[in-house]
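# Architecture and fold: a report
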Amino acid sequence: MNLHHTLRSNAQTLFQRIEEIFDVPFGGDNNPLRHLGAMALYFLWIVVGTGLYLYTVLDTSIEGVHSSIGYLSVEQWYLGGILRSLHRYSTDGFMLVMMLHLVREWANRHYAGFRLYSWMTGVPLIWLAYGAGIGGYWIVWDQLAQFSATATTELLDWLPFFSTPTARNFLAPDSINDRFFTVLIFIHIGVPLLLILAVWAHLNRITKVDYLPSRRLMLGTIGALLLLALVKPAVSNAPANLALVPPELRIDWFVLFIHPLTDFTSPGFIWLLLLAGTLLLFVLPLLPQPKAAPVAVVNAANCNGCSRCHVDCPYAAITIAPHPDRPGHNIAVVDAKLCASCGICAGSCPSSTPFRSQENLLTGIDMPQLTVDMLRRQLESALSRLSGTTRIIVFGCDCGADVKKLSAPDTAVISLICSGLLPPSFVEYALRGGADGVVVTGCRPGGCHFRLGERWTAERLTRQRAPQLRARVPDERLLLVSASTHDDLSLAQALLEFRARIATQASSIDRLPPYSRRTSHHA
Amino acid sequence: MLKPAAIVGQVILYGAFATFIGYFATSPKYHQIPDDVALIKLSIAHLGDRECRKRSAEELDKLPRNMRAPLECPRERSDIKLEVDIDGQPAFRTVMHPTGLYKDGVSVVYKRFEAKAGTHQLSVRMNDNLVKPGFNFVKEAEVTLKPAQVLVIDFNPDKGGLFFQ
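These figures come from a predicted structure and were not determined experimentally. (Residues numbered from 1 in each chain as written. Chains lettered and ligands numbered in written order. Predicted model: local features only at pLDDT ≥ 70, side-chain atom pairs only at ≥ 80, totals over all residues. Heavy atoms only, no water.)

## A look at the overall build of chain B
Scanning chain B from N- to C-terminus turns up two helices and ten strands. The helix and strand sequence of chain B, counted from the amino end, reads α-β-β-α-β-β-β-β-β-β-β-β. Relative to a compact globule of 165 residues, whose C-alpha radius of gyration would be 15 Å, chain B shows 28 Å and is clearly more extended. For chain B, buried positions account for 39% of its 165 residues. Across chain B, contacts joining residues at least 24 apart in sequence account for 61% of those joining residues at least 6 apart. For chain B, the computed accessible surface area is about 9500 Å², with 56% contributed by carbon and sulfur atoms. (Helix = DSSP H or I, 4+ residues; strand = E, 2+ residues; numbered from the N terminus. Rg over C-alpha atoms; globule rule 2.2 N^0.38 Å. Buried < 20%, exposed > 50% of the residue type's maximum accessible area, 1.4 Å probe, protein only. Contact = heavy atoms within 4.5 Å. Areas by Shrake-Rupley, 256 points an atom, 1.4 Å probe, with all protein chains shown as cover.)

## Here's the deal with the overall build of chain A
The helix and strand tally for chain A stands at 17 helices and eight strands. In terms of overall dimensions, chain A has C-alpha extents of about 95 × 50 × 50 Å along its principal axes. Expressed as a percentage of its 523 residues, the buried residues of chain A come to 54%. Of the contacts made within chain A by residues no fewer than 6 positions apart, 73% connect residues no fewer than 24 positions apart. Approximately 23300 Å² of chain A is accessible, and the part contributed by carbon and sulfur atoms is 63%.

## Some points on the domain arrangement of chain B
Many analyses report the size of an interface as the accessible area lost when the parts associate. Assigned domains of chain B: these are domain 1 (1–30) and domain 2 (37–50 + 77–164). Look at where the C-alpha atoms of domain 1 of chain B and domain 2 of chain B centre, and you get two points 52 Å apart. (Domains from an automatic or database assignment.)

## Some details on the interface of chain A and chain B
At the junction of the two partners, chain A supplies 44 residues and chain B supplies 39 residues. Of the roughly 3800 Å² buried at the junction of chain A and chain B (both faces included), carbon and sulfur atoms supply 63%. Run the count over chain A and chain B and you get four salt bridges. The salt bridge partner of Asp263 of chain A is Arg112 of chain B, with a shortest N-O separation of 3.7 Å. Taken together, the links from chain A to chain B amount to 16 residue pairs in polar contact (both at pLDDT 80 or more). At the level of secondary structure, the elements contributing two or more residues to the side of chain A that touches chain B comprise helix H1 (2–26), helix H4 (77–107), helix H6 (143–157), helix H8 (215–231), helix H9 (253–256) and helix H10 (258–264) of chain A. The biggest single contributor to the side of chain A that touches chain B is H8 of chain A, with seven residues. Of the residues that constitute the side of chain A that touches chain B, the class distribution is 28 nonpolar, six polar and ten charged. (Buried area = accessible area lost by both parts, 1.4 Å probe. Salt bridge = Lys/Arg side-chain N within 4 Å of Asp/Glu carboxyl O. Polar contact = N/O pair within 3.5 Å; in protein donor to acceptor, adjacent residues only side chain to side chain. Nonpolar A, V, L, I, M, F, W, Y, C, P; charged D, E, K, R; others polar.)

## Things to note about the sheet that holds strand E5 (residues 392–397) of chain A
All names here are of chain A. Spatially, the four strands line up as an open sheet ordered E6-E5-E7-E8, and their pairing is parallel. The sheet is open, and its two edges are formed by strand E6 (411–416) and strand E8 (478–482), each paired on a single side. Direction aside, neighbouring strands of the sheet carry axes that sit 15° apart on average. Judged from the five bridges that link them, strand E7 (residues 437–442) and E8 form a sheet pairing that is parallel. The residue of E8 that forms the bridge with Val438 is Leu478. Together, E5 and E6 form the strand contacts of helix H14 (residues 372–385), whose direction differs from that of E6 by roughly 165°. In the packing of helix H15 (residues 425–432) onto the sheet, the strands contacted are E5, E7 and E8, and the crossing angle to E7 comes to about 150°. (Pairing = 2+ DSSP bridges. Axes fitted to C-alpha atoms, helices over the stretch in contact; angles between N-to-C directions.)

## Details of the packing of H4 of chain A against H8 of chain A
Residue and element names in this part refer to chain A. Contact geometry for H4 and H8: axes closest at 9 Å, N-to-C directions at 120°. The pairing of H4 with H8 is recorded here as oblique in orientation. Between H4 and H8 the crossing geometry is right-handed. Counting all contacts with H4, which are made through Trp77, Ile82, Ser85, Leu86, Tyr89 and Ser90, the residues of H8 involved are Ile222, Leu225, Leu226, Leu228, Ala229 and Leu230. Grouping the constituent residues of the contact of H4 with H8 by class yields ten nonpolar, two polar and no charged. (Parallel < 35°, antiparallel > 145°, perpendicular 65-115°, else oblique. Left-handed = near helix turned anticlockwise from the far one by under 90°.)

## Considering the sheet that holds strand E6 (residues 107–116) of chain B
Residue and element names in this part refer to chain B. Strand order in this open sheet of four strands is E6-E1-E9-E10, and the pairing throughout is mixed. Strands with a single pairing partner mark the edges of an open sheet, and in this sheet they are E6 and strand E10 (161–164). Here the average twist between neighbouring strands, direction ignored, is 15°. For strand E1 (residues 37–46) and strand E9 (residues 150–156), the ladder comprises four bridges, and the chain directions are parallel. Within E9, the residue paired with Ile40 across the bridge is Leu151.

Now the structure itself:
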């Protein structure tokens, strides 16, 4: 486990570093590495769309199959040829981002607990994707198809399932007939349909799914693929001839790498590798994991069933049901198995306001490990300790930059489970409680460990999403900073500049009237 | 609005992505066998023989009319012994076992051999009933293999047993 932990941690750091490099030109919303799942779906839709056209022009006779596809590349290069190239290169792109997605999710330990279902349902997708991809190469029935068909059946024959070797179907030129391609087409359509069904299952427990990446990312990607299709169109090799071993082959290594690997090793080794790898992926989440954090708890007396937590929960862990004590009212219900323990729900609850006069602040939905009451007490304590001319409260995120390093006499820091846990009213409370400015920092866009936390926080504080920061709060006294675990320095710099700006503009920025809940009962 | 540096960065990264996809979609080239080599594929699927016994008239009389088959044959099939020599040297020896839980299915073998292009003396012997000694099917021939040629060694009773294709 230590070796695994070291490997995973290093991979996580590497991935985060590369993602941050990509953030520079792309920004978080358009960073392909932060949206690998959506990218995979995008490639899949391109494959499906272009495949429909290829299907309409394909002649499934043994004489016609090679020439009908070849016609597209030569005579109809401007349409069919481009679509064929897009079909192939999108398949390669799909394979690439699918495997990157797998490694990224593993590196970020997104495979256990509330993510168990998504992980488990993702593993069969790999088999289906390669099944569909390899079969697709056979349809062209060129030398590459011949090589792949022979190699695949020889690999399958190693398993003790077939009474007669399936490789006998590709022994001699007269071994196959027209019916083979008809069956092949059905398989090549059927397996991707299964794949799409499996993708639906894979995404079933996630809300606000990015079925497609951002428009800018889609345009950039399709532009790159179109350019590639024009510069290097996908073409067929010479027609298959089972009486000859194909000479040098231009292999698609994204899809067909398994054939050379089998030649270099053995079918037994490959099956061991595939089955052991699959088993490992299935077993990984079942290995001992860090103790799960407490899940969100609904307080029936304070929940009015407004459903904001239900809307904001990234994992569909909250449903709305009839209130047990108040006829005609609703209440939030938490499914403990699905709860990510992020606290985004507590941040969304309209009752999570520190201005309430209760000594023990109770809200509709709360995190036992960091209740809004604890948060208010921490904030009040921090405010009372602040000194200096420009006093700043920093709300951070345990998954982002380390805000504790910023702690100073004039800077109080409070680290949250996720920045999404912060109810916007706490910003106003801090400013009215003596702070000159408030910094809220969370993960970079698209980089939230839990999903959506940084996005909901930004939208709430910029008054685009309920619960909103009240309009009376001057924007100049609030700073939103996206900072990952490697952004400690840039966060410190942003704080420095923010403090200087407030100090120099103090007279021109509105100051909210002071508020102390111990002396006032009204906000 | 994108900054010029971001646009340049995106163009470089999209270009790198397209180049990466374009390169590994066809490269590096793969040679399955060396240029001066041919392939011999041994592929046989054959039901082994079985020892049948002729029923006596008394035995047949005891059977219901619809079951009076003159021969009583066991369900199990014999193993099949197979030997392949190339240029007088043993290239492959095996005993193929019948498939199926009751050992009543075909016996199969599938094997690839690489051979230098040129003329070779090929000898294949097969015994599909191991109760009897020796080999009841033998095929010997001098074959000339061209580079990259695939020569299939197969068995079909309708084609006279073992044959090269």
